[in-house]
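# Observations on the three-dimensional arrangement
Each chain, written out:
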Amino acid sequence: MNGSASVLLRVLGSAAGGGSPQWNCGCPVCAAVRSGAGLARTQSSVAVSADRRRWFLINASPDVRAQIEVFPGLHPRDDRTTPLEAVLLTDAELDHTLGLLLLREARALRLYATQAVRKTLFDGSGILRTLERYCPVEWHAVIPDAGLALAEGLSCRAFDVPTVKRDRFATGVDHGRVVGYRLADERSGGTLVYLPGVQSLTPALHVEIEGCDCLLIDGTCWRDDELVRLGLAGKTSREMGHLPIDGPDGSLAQLPSLGVGRTIFVHMNNTNPVLLEGAPERRTVEESGMEVATDGLEVQV
């Protein structure tokens, strides 16, 4: 398909919070990446466009400035006219929202988020309250299952992602705390699903994923007890809101039945061995026909 006539998604950052390697971590994977045995990765975010002129960020990571600089599509064209149209948020986690403060020089910032995410950013972390002191913020409510009018040729719909991840800032709002996005090319009918945070593949999520042309899905941990085994945390992957890749009910076992055209793991934690080329876990993923994202990977439908 001609690249100018399809929706394009570019992975700006493919790692989870902290990136890979993480600055304060000496785990085997981080040590290997530092030695050159694996690619370094920035924190999770993607950019989407239907015309290669207007771009929409899904999440704004703390690495957003560096991510923009290495991608000419997001460079300003003249004066301070930027091709960045808006930012869509999947949740209010710091690794997905701290970059908003780095966009404060914008003349105005268009922001799409659920009421739960907006409340957390304003009353909880205070990121939105701080940002509004630097630049006008045009907030658009994201309502799960309702379409978003982003750009001609690009349709977008958010869907709720159930989670028991704790409400860090005690906002008391549960519905809409985490969402995924289903994006479609209105011309070709091609579909992309972006789901960087998912705790369980529920029947409702099966419906959102089934038959899509490309799925970019949470690959935070390889094993459910990965961080516990390394002595880095007292909670499992699921307890932190992330479905592990491996295991009898992990994503690797569940996804093949959903008829997805292409499956790509994103949002990998710095401890995840799939980050290393040649690791047995990486080979298992690739032999299953699935992929591990790298920064700069581009997908079109």
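Refer to the preceding data block for the structure.
The present account deals with the structure reproduced in this document.

This part is about the pattern of salt bridges. For the structure on display, the rule yields 15 salt bridges. Linking Arg10 and Glu298 is a salt bridge whose minimum nitrogen-to-oxygen distance equals 2.9 Å. Highlighted residues: Arg10 in strand S1 (residues 8-13) and Glu298 in strand S14 (residues 298-300), separated in sequence by 288 residues. In this structure, Glu208 engages Arg157 in a salt bridge whose closest nitrogen and oxygen atoms are separated by 2.9 Å. Here Glu208, found in helix H7 (residues 203-209), pairs with Arg157, found in strand S8 (residues 154-160); they are 51 residues apart in sequence, far enough to count as distant. Note on Glu208: relative accessible area 10%, which makes it buried. According to the relative accessible area criterion, Arg157 is partly exposed, its value standing at 24%. A single network of salt bridges, built from pairs that share partners, joins Asp51, Arg53 and Arg54.

Read from one edge of the open sheet, seven strands run S7-S8-S9-S10-S11-S12-S13, paired in mixed fashion. The sheet is open, and its two edges are formed by strand S7 (147-151) and strand S13 (291-292), each paired on a single side. In this structure, strand S9 (residues 179-185) lies alongside strand S10 (residues 191-195), joined through four bridges in antiparallel fashion. What sits directly across from Arg182, in S10, is Val193.

Here we take up the nonpolar core. Ranked by size, the top nonpolar core spans 34 residues in total, and within it Leu195, Leu215, Ile217, Phe265 and Val285 carry the most contacts. Elements with a contribution of two residues or more to this core: helix H1 (28-34), S10, H7 and strand S11 (214-218). Among the elements that line this core, the one with the most residues is H1, at four residues. Leave out the neighbours within four places in its chain, and Val285 touches Trp222, Ile245, Leu252, Phe265, Val274, Met290, Glu291 and Val292. Membership of the second largest hydrophobic core comes to 31 residues, among which are Ala50, Ile58, Ile264 and Val301.

Bringing the pairing of strand S4 (residues 84-88) into the picture now. Most of S4 sits out of view: four of its five residues are buried. Regarding the hand of the β-α-β motif, the stretch spanning strand S3 (residues 55-58), helix H2 (residues 64-69) and S4 is right-handed. The sheet contact formed by S4 and strand S5 (residues 109-113) spans two bridges and is parallel. What sits directly across from Val87, in S5, is Leu111.

Here the focus is the sheet that holds strand S2 (residues 45-49). Adjacent strands of a sheet form backbone hydrogen bonds with each other and so pair up, either parallel or antiparallel. Taken in spatial order, the seven strands of this open sheet run S6-S5-S4-S3-S2-S1-S14, and their pairing is mixed. Each edge of the open sheet is held by one strand with a lone partner, namely strand S6 (137-141) and S14. Strand after strand, the sheet turns through a mean of 25° between neighbouring axes, direction not considered.

The rules behind each value
Residues numbered from 1 in each chain as written. Predicted model: local features only at pLDDT ≥ 70, side-chain atom pairs only at ≥ 80, totals over all residues. Heavy atoms only, no water. Salt bridge = Lys/Arg side-chain N within 4 Å of Asp/Glu carboxyl O. Helix = DSSP H or I, 4+ residues; strand = E, 2+ residues; numbered from the N terminus. Buried < 20%, exposed > 50% of the residue type's maximum accessible area, 1.4 Å probe, protein only. Pairing = 2+ DSSP bridges. Core = buried A, V, L, I, M, F, W, Y, C linked by side-chain atoms within 4.5 Å. Contact = heavy atoms within 4.5 Å. Right-handed = clockwise from strand over helix to strand, strands pointing away. Axes fitted to C-alpha atoms, helices over the stretch in contact; angles between N-to-C directions.

So yeah, pure geometry; function would need other evidence.
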